[in-house]
Amino acid sequence: MFKKVTLYTNRLEELKGFYEYQLGFRIVEEDNTSFTLAIGESQLVFKGSEQNAFYHFAFNIPGNQFTLAKSWASSRVTLNRQDGMDEIFYANFNADAFYFQDPAGNVIEFIARRTVDRMGDFTVDSLLNISEVSITTPYVKEIGERLEDMDIPVRGNKGIDSTTLNFLGRDDAFLLLVPPKRLWYFSKQKSETHSLSVELTDGRQIDIAEDGRFLETAPANPISDKLEDMDFSGVALLKRNDTWSTAKGMADRANARPNAIDTRFGIASGCKIFTAVIVCQLVGEGQLSFEAELSELLPEQFPDFPVTIHQLLTHTSGIPDYFDEETMGDFEELWLEQPMYLMKTCSDFLPFFQNKPMMFAPGERFHYNNAGFIALGLVVEKLTGQPFIKAVEERVFVRAEMGDSGFFQLDRLPVQTAFGYIDEEEGAWRTNQYALPIVGGADGGAFVTAHDMARFWERLMDYTLLSKDMTHRLLTSHVSEESGNYGYGVWIKMQDSAVVKYHVMGYDPGVSFHSGYYPNSGSILTVLSNKSKGAFDAMDLIENTLLLTEQT
C-alpha cells in the first residue's frame, strides 16, 4: 500500500547520520532539505522543517528472521521495553514486534509477519516495506471517513472510534489513525499532531496539514516521477548551489538490493577522459609530446602506425579498431574466440588490431576508436613504469579524492556496486559478467559513484589534476563533426560559438552513462545506469527541465 511516506523533522542531519551510518540504511535520494531511505519496496522521506515532530511507523520484516533482526538492532540501538519485555507477539496480526526510537523521538517498530519467510542473515535488504504510519489528528472521525472514501477500510466491525487507535488498511499495511496524547506502545511518547504525506502504490496521495486536517494533493516531483515512468535504473546527481540526487531501480535484482546514491556503476567509455588526463599530465611533466608518434614510442608493438598522440586523443589517427562502433553491432561477438576472462591488461587487446591495416590516413577525419585509447594506455604504462590501472588510481582517483572509484573485476565486485543488466525478450534478463572484459582499462570499464564523478569535474576545473594551460588544451575543441565537438577524451557542446557543456558518455551491454559540466553555471550533472540504455533520456529530461544548457 505504501510507496512513499514523507515525515518532517528539525533534526535532519542528525537523523541522516543515524539512519545512514548507525543503522546502515541506503539513501536513494537527497538534497539540502531532505533525504530518502529505501525500505524494501517502499521509501521513507525525512524533510527538514522547524517542527519538533515525531511519529510512529513500522517496517515489515520476514517472520523467520525476527530473532536475527532483534540481534541486529540490539547491536546498534537500545530496544524499548514495556513491563520488563523488549518484544511482543500480536496474535491478531500473527506477528512479533520490537521497538526502538531514533534521535528525533520517532517510535520505530520492526514487525515480523509469521506468514513471510526469507532465507539468510538479516540485513537492511531484509526490510520488506513500510507496514504502519501514524496519523495523529484531533479530527479522527473526519479523516477516517475521508480514508474510507478512498477505499481504505477500517479494521474490525466497530467503525471509526475518535477516542482510540484505529487501524485502516488491509493485509500487512495500515494507517494508524489516533487522537493526540495517546501513549504509544513500548514508549513514553504521547501522540502529537504533525504534518505528513503518504503516497500509495496506486499513485494516490494522502496529505495531512500541521493542524491535522486533510490537504489537497501535493504537487508531484516531475523529474523523479518521470524517471520512474521511464523505468530508469541507476543514479542521477545534480550539483550546483544545492545538491540533488536520486536512485531508482535495483543494484542486485536477484536479491532485491536497491540502487542507492552511493552505489558504484560501470561507466564504459566514460573513463577515456581519465586516460586523456594522464597523457596531458605526462606532457606537462616533459615526458611526452602531443606530436610524438606511436611507432617511435612503441616500435615493437606498433611499427607501422605513424600516428601522433594528439591524433589518438582526438580519434583522428586512422589506426584499426578492435571494436568498430560504426560497423559492428554486438560487442559480445569479440569473446567468441578470445574469452573475456582473459582480458585483463591493455596488451591483451593487441591481437585484435595491431596487425591490421590503417583505416585511413592519419588526421584525415574523425572516427571514434577504442583501440587508440588502448595504445595510449600502453604509452602510459611505458612512461610511468606502472600498470595502467595503478597509474589511474594514483594520478586521477587519489588526486581527485575519488575514494569509491576503481577498476574492479566483474567476478569480484566490491560492496555497494551495481550489477549491469542486459534485458531480453519477455521480461528475461541476465547480468553482463560474460559480455565485457573481466576488468576495464584505458578505453573504458571503470566504476565510479555519482559523487566521485562530481569530484572529478571539480578537481579538473580547479586545476588540481592539470595546470591551467593543460586543462585548456584538454577542453579545447580539436575536432568538429556532425555528432559534436571533441577535445581530448571529452565531448563539447556549443551554442553560438560558446561552450555550454563539457561531457563524457559510455555504453556497454548493461551500462549507460552520461556526465557533464556546465560552465555557465558551474553545475555538474551525472547519470549512471546499470541498464544498456536510459542514461541519455534521463540526462535529457533533467537538462530540459532545469534548462541547464541555456546560455545566461
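Everything below is about the structure shown above.
Here the structure is a predicted model, which means the values were calculated and not measured.

Chemist: Could you clarify how one ought to interpret the pattern of salt bridges in this entry?
Modeler: Any two side chains of opposite charge can pair, given that their charged atoms come close. Tallied over the full model, the rule gives 28 salt bridges. For Arg-459, the salt bridge identified is with Asp-462, shortest N-O distance 2.9 Å. The class of Asp-462 is partly exposed, set by a relative accessible area of 36%. The structure contains a network of salt bridges with shared partners spanning Lys-239, Glu-401, Glu-458, Arg-459 and Asp-462.

Chemist: Before we go on, may I ask you to explain the environment of Gln-189 in this structure?
Modeler: Tracing the backbone shows Gln-189 in the loop between β11 (173-178) and β12 (196-200). Residues Gln-189 and Phe-54, 135 residues apart in the sequence, show an inter-C-alpha distance of 9.0 Å.

Chemist: It is not clear to me how the pairing of strand β13 (residues 205-208) should be interpreted in this structure. Could you clarify?
Modeler: Residue alternation in β13 divides its side chains into two sets, Gln-205 and Asp-207 and Ile-206 and Ile-208, and both sets are buried. Between β12 and β13, which pair antiparallel one after the other, the connecting turn spans four residues, and Gly-203 there sits at a positive phi close to 95 degrees.

Chemist: Just checking my understanding: could you explain the packing of aromatic side chains for this structure?
Modeler: Working definition: an aromatic ring pair is given by the centre-to-centre distance plus the angle between the planes. Under the defined criterion, the tally for this structure stands at 37 aromatic pairs. Relative to Phe-122, the ring of Phe-110 has its centre 6.2 Å away and its plane inclined at 50 degrees; by these criteria the two rings are tilted. Within this pair, whereas Phe-110 is found in strand β8 (residues 107-113), its partner Phe-122 is found in the loop between β8 and β9 (129-136), the two being separated by 12 residues in sequence. Considered together, Phe-110 and Phe-122 belong to a single accessibility category, that of buried residues. Considering the side-chain rings of Trp-457 and Tyr-517, the 6.3 Å spacing of their centres and the 25 degrees angle between planes classify their relative orientation as stacked. Placement of the pair is Trp-457 in helix α10 (residues 450-461) and Tyr-517 in strand β26 (residues 511-518), with a sequence separation of 60 residues. Taken individually, Trp-457 and Tyr-517 each receive the classification buried, so the pair is uniform in this respect.

Chemist: Just to check I follow, could you spell out the sheet that holds β9 for this structure?
Modeler: In a beta sheet, neighbouring strands are held together by backbone hydrogen bonds and run either parallel or antiparallel to one another. Strands sit in the order β6-β7-β8-β5-β9-β11-β10 across an open sheet of seven strands; the sheet is mixed. The open sheet has two edge strands, β6 (88-90) and β10 (166-170), and neither has a second partner. For this sheet, the mean inter-axis angle between neighbouring strands, taken without regard to orientation, is 25 degrees. Pairing geometry for strand β5 (residues 56-62) and β9, over four bridges, is antiparallel. Within the sheet, the bridge partner assigned to Ala-58 lies in β9 and is Glu-132. Sitting on the sheet, helix α2 (residues 66-74) touches β5, β7 (95-101) and β8, and the angle it makes with β7 is about 5 degrees.

Chemist: It is not clear to me how the packing of helix α8 (residues 370-384) against helix α9 (residues 388-397) should be interpreted in this structure. Could you clarify?
Modeler: The relative placement of two packed helices comes down to the angle between their axes together with the axis-to-axis distance. Relative to each other, α8 and α9 sit at 75 degrees, their axes nearing to 9 Å. When the axis of α8 is compared with that of α9, the two are roughly perpendicular. Taken together, the residues of α9 that come into contact with α8 (itself represented by Gly-377, Val-380, Glu-381 and Thr-384) are Phe-388, Ala-391 and Arg-395. Residue classes in the contact of α8 with α9 are distributed as three nonpolar, two polar and two charged.

Chemist: Please clarify how the environment of Leu-44 should be interpreted in this entry.
Modeler: Relative to the helices and strands, Leu-44 is located in strand β4 (residues 42-48). C-alpha of Leu-44 to C-alpha of Asn-129: the two residues are 85 residues apart in sequence and 9.6 Å apart in space.

Chemist: Help me understand the packing of helix α5 (residues 272-284) against α10 in this model?
Modeler: In the contact formed by α5 and α10, the axes pass within 13 Å of each other and the chain directions differ by 30 degrees. Comparing the axis directions of α5 and α10 gives the class roughly parallel. Crossing handedness for the pair α5 and α10: left-handed. Two secondary-structure elements touch here, α5 through Ile-273, Phe-274 and Val-277 and α10 through Met-453, Phe-456, Trp-457 and Leu-460. Of the residues assigned to the contact of α5 with α10, the class counts are seven nonpolar, no polar and no charged.

Thresholds, definitions, all that
- Residues numbered from 1 in each chain as written.
- Predicted model: local features only at pLDDT ≥ 70, side-chain atom pairs only at ≥ 80, totals over all residues.
- Heavy atoms only, no water.
- Salt bridge = Lys/Arg side-chain N within 4 Å of Asp/Glu carboxyl O.
- Buried < 20%, exposed > 50% of the residue type's maximum accessible area, 1.4 Å probe, protein only.
- Helix = DSSP H or I, 4+ residues; strand = E, 2+ residues; numbered from the N terminus.
- Pairing = 2+ DSSP bridges.
- Phe/Tyr/Trp six-rings, centres within 6.5 Å; stacked < 30°, edge-to-face > 60°.
- Axes fitted to C-alpha atoms, helices over the stretch in contact; angles between N-to-C directions.
- Contact = heavy atoms within 4.5 Å.
- Parallel < 35°, antiparallel > 145°, perpendicular 65-115°, else oblique.
- Nonpolar A, V, L, I, M, F, W, Y, C, P; charged D, E, K, R; others polar.
- Left-handed = near helix turned anticlockwise from the far one by under 90°.

In short, shape yes, function no, at least from these values alone.
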